[in-house]
Amino acid sequence: MQNYLKKKIKDERGVYIAVYAKTPQELAQKVAERTAEIERRKQLAENPLVWQYAQTWYKLYTAHLSDSRKSDYAIAINRHICPIIGARHMLEVSEDDIAEVMRACGDLSRSSQDKIVCALKKIFEAGERAGVVRHNPCAGLRAGGKKAAEKEALSRQQMQTLETAVAGTRIYPFVMLGLYAGLRREEILGLEWDCVHLDGAAPYISVRRALRWVHNQPVVSDELKSAAARRDVPIPPTLVGCLADLQRTATGDYVISSSDGQPWSMTAYRNAWRYITRRQTGTAKRTEHGETVLREKKLGETVRNSKVQITIDFGVTPHILRHTYITNLILSGANVKVVQYLAGHSKVETTLNIYTHLIERSPEANLGTVLAAFPAPESAENVSPKISP
């Protein structure tokens with residue numbers, strides 16, 4: 001039986017490992033090779049590649065974030081950062097390298113670039129704190145890109161068209177809560193009947209919960225987007241009537257629910273939203289003789305193989321419903337701080353930055369406000385200037 005020679009050495013973790021060989025010469029060679037590998041790993045640990053440190057950062061610092069936010073970081077790292085500088089060592093990355101990352105994503109919107117900038121800054125700030133980099137190359141980084149096109153709120157006529165088009169469908173209550181209470185999608189889907197107060201002189205909804213999907217399944221919690229999202233929203237008679245009708249046939253705790261009374265999964269939500277997209281003009285795909293055929297859906301036509309009529313000739317998204325609600329508040333002359341509260345914005349600047357273009361600035365429109373603050377004297381005869389001697 002062959003007796004093996006053994007020697008213990010410390011690896012890059014400081015843990016003793018055994019090296020085996022048949023002869024002293026072979027043992028010396030294996031120890032030298034293993035020692036060189038350990039030294040290489042030590043150097044790599046002290047100066048990791050960007051993709052390695054980004055992976056470590058993601059595991060350590062995103063565990064507490066929402067799935068949506070984690071997805072934003074993962075996309076920024078995998079699609080935009082690592083393909084450009086992933087193979088470089090953290091110590092080697094310069095401002096020019098970061099500029100190359102941003103140049104490669106130059107065609108993206110400002111919102112998309114903001115997410116990439118945020119990921120870069122957080123990764124290199126953490127690296128600087130850990131001593132992995134001596135100088136943060138992202139310190140003065142700013143996003144560029146095109147500003148997103150200004151969203152168009154629905155007009156009163158479009159609101160009526162949308163309500164009529166989806167009346168009696170599963171998506172109808174969702175649409176009404178967006179248009180007349182301004183709730184976010186996750187707030188609508190997480191709304192329970194204990195937060196709907198229809199009795200009394202001022203019916204209102206208490207926003208206390210939000211729904212998020214984890215692997216398609218709904219998870220409802222009291223973790224809202226921010227502290228400001230926790231609010232009580234008075235609701236108009238149109239929505240009161242809708243909710244009262246819905247409550248009479250409710251089968252569970254959730255205002256928006258499946259037939260078993262449970263909140264919607266992501267699939268259930270997408271299927272329900274199709275009640276809107278099927279009724280919209282645009283391009284439709286279908287398969288004919290094994291080939292995909294594109295066809296324009298026109299206003300007034302009937303959807304193929306159904307009785308559904310195309311009656312919506314404008315764009316609709318869940319956020320447009322909320323945007324329309326806030327726009328109507330602004331146009332009604334509501335105080336901006338009241339709008340901020342009802343919208344659940346953390347900062348009044350958010351409300352002003354998005355909706356300030358709606359605030360009328362003409363002298364004619366604002367004259368009434370000024371005269372209310374500084375009314376004219378009751379009679380000009382009773383007012384005479386005093387002249388000092």
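Structure: above.
Here we summarise the structure given alongside this text. (Residues numbered from 1 in each chain as written. Predicted model: local features only at pLDDT ≥ 70, side-chain atom pairs only at ≥ 80, totals over all residues. Heavy atoms only, no water.)

1. Re the sheet that holds strand β3 (residues 196-197)
Either a parallel or an antiparallel arrangement is found when strands of a sheet pair, and the pairing is made through backbone hydrogen bonds. Read from one edge of the open sheet, three strands run β3-β4-β7, paired in antiparallel fashion. A single partner strand is all that each edge strand has here, and the edge strands are β3 and β7 (231-234). As paired strands, β3 and strand β4 (residues 204-207) are joined by two bridges and run antiparallel to one another. Following the sheet pairing, V196 is matched in β4 by I205. (Pairing = 2+ DSSP bridges. Helix = DSSP H or I, 4+ residues; strand = E, 2+ residues; numbered from the N terminus.)

2. Examining the packing of helix α2 (residues 50-61) against helix α3 (residues 67-85)
Interhelical geometry of α2 versus α3 gives an angle of 170° and a closest axis separation of 10 Å. In terms of their interaxial angle, α2 and α3 are classed as roughly antiparallel. On the side of α2, the interface is formed by V50, W51, A54, W57 and Y58, while α3 contributes K70, Y73, A74, I77, I81, C82 and I85. (Axes fitted to C-alpha atoms, helices over the stretch in contact; angles between N-to-C directions. Parallel < 35°, antiparallel > 145°, perpendicular 65-115°, else oblique. Contact = heavy atoms within 4.5 Å.)

3. What about the pattern of salt bridges?
Summed over the entire model, instances satisfying the criterion amount to eleven salt bridges. Residues D194 and R209 are paired through a salt bridge, measuring 2.8 Å at the closest nitrogen-oxygen approach. In this pair, D194 is assigned in the loop between α8 (185-189) and β3 and R209 in the loop between β4 and β5 (210-214), connecting sequence segments 15 residues apart. Note on R209: relative accessible area 22%, which makes it partly exposed. The partner of D232 in a salt bridge is R208, and the shortest N-O contact between them spans 3.0 Å. With D232 in strand β7 and R208 in the loop between β4 and β5, this residue pair connects regions lying 24 residues apart in the sequence. By relative accessible area, which is 21% here, R208 ends up partly exposed. (Salt bridge = Lys/Arg side-chain N within 4 Å of Asp/Glu carboxyl O. Buried < 20%, exposed > 50% of the residue type's maximum accessible area, 1.4 Å probe, protein only.)

4. Focus: the packing of aromatic side chains
One pass over the full model with this rule turns up six aromatic pairs. Measuring from centroid to centroid gives 6.3 Å for W57 and Y61, while their planes differ by 25°, and the two rings are stacked. In this pair, W57 and Y61 both sit in helix α2, four residues apart, roughly one turn of the helix. Taken together, the ring pairs in this structure connect F174, W213, Y269 and W273 into an aromatic cluster. Above the face of the Y73 ring, R69 is positioned so that its terminal group lies 4.6 Å from the ring centre. (Phe/Tyr/Trp six-rings, centres within 6.5 Å; stacked < 30°, edge-to-face > 60°. Lys NZ or Arg CZ within 6 Å of the ring centre and 35° of its normal.)

5. Section: the pairing of strand β6 (residues 217-221)
Sheet analysis places β5 next to β6, joined by five bridges and oriented antiparallel. Of the residues in β6, the one forming a bridge with L211 is V220. In this antiparallel pair of consecutive strands, β5 and β6, the connection spans two residues, and H215 shows a positive phi of 55°.

6. Section: the side chain of T351
Tracing the sequence through the fold places T351 in helix α13 (residues 348-355). In this structure the side chain of T351 is engaged in a polar contact, spanning 2.8 Å, whose partner is the side chain of H345. T351 has contacts with V336, V339, Q340, H345 and T356, leaving out every residue within four places of it along the chain. (Polar contact = N/O pair within 3.5 Å; in protein donor to acceptor, adjacent residues only side chain to side chain.)

7. Side note on helix α6 (residues 156-166)
For α6, the full list of buried residues reads M159, L162, E163, A165 and V166. Considered in projection along α6, the buried side chains sweep an arc of 165° and stay on one side of the axis. In α6, those exposed residues whose orientation departs by more than 90 degrees from the buried face are R156, Q157 and T164. Each element contacted by the buried residues of α6 is listed here: α7 (172-181), α10 (266-277) and α11 (318-331). Just past α6, the residue G168 takes up positive phi, approximately 85°. (Arc of directions from axis to C-beta.)

8. Considerations on unusual backbone geometry
Even without being glycine, H215 reaches a positive phi, approximately 55°. Of note, H215 is situated in the loop between β5 and β6. Exposure remark for H215: the relative accessible area of 75% places this residue in the exposed category.

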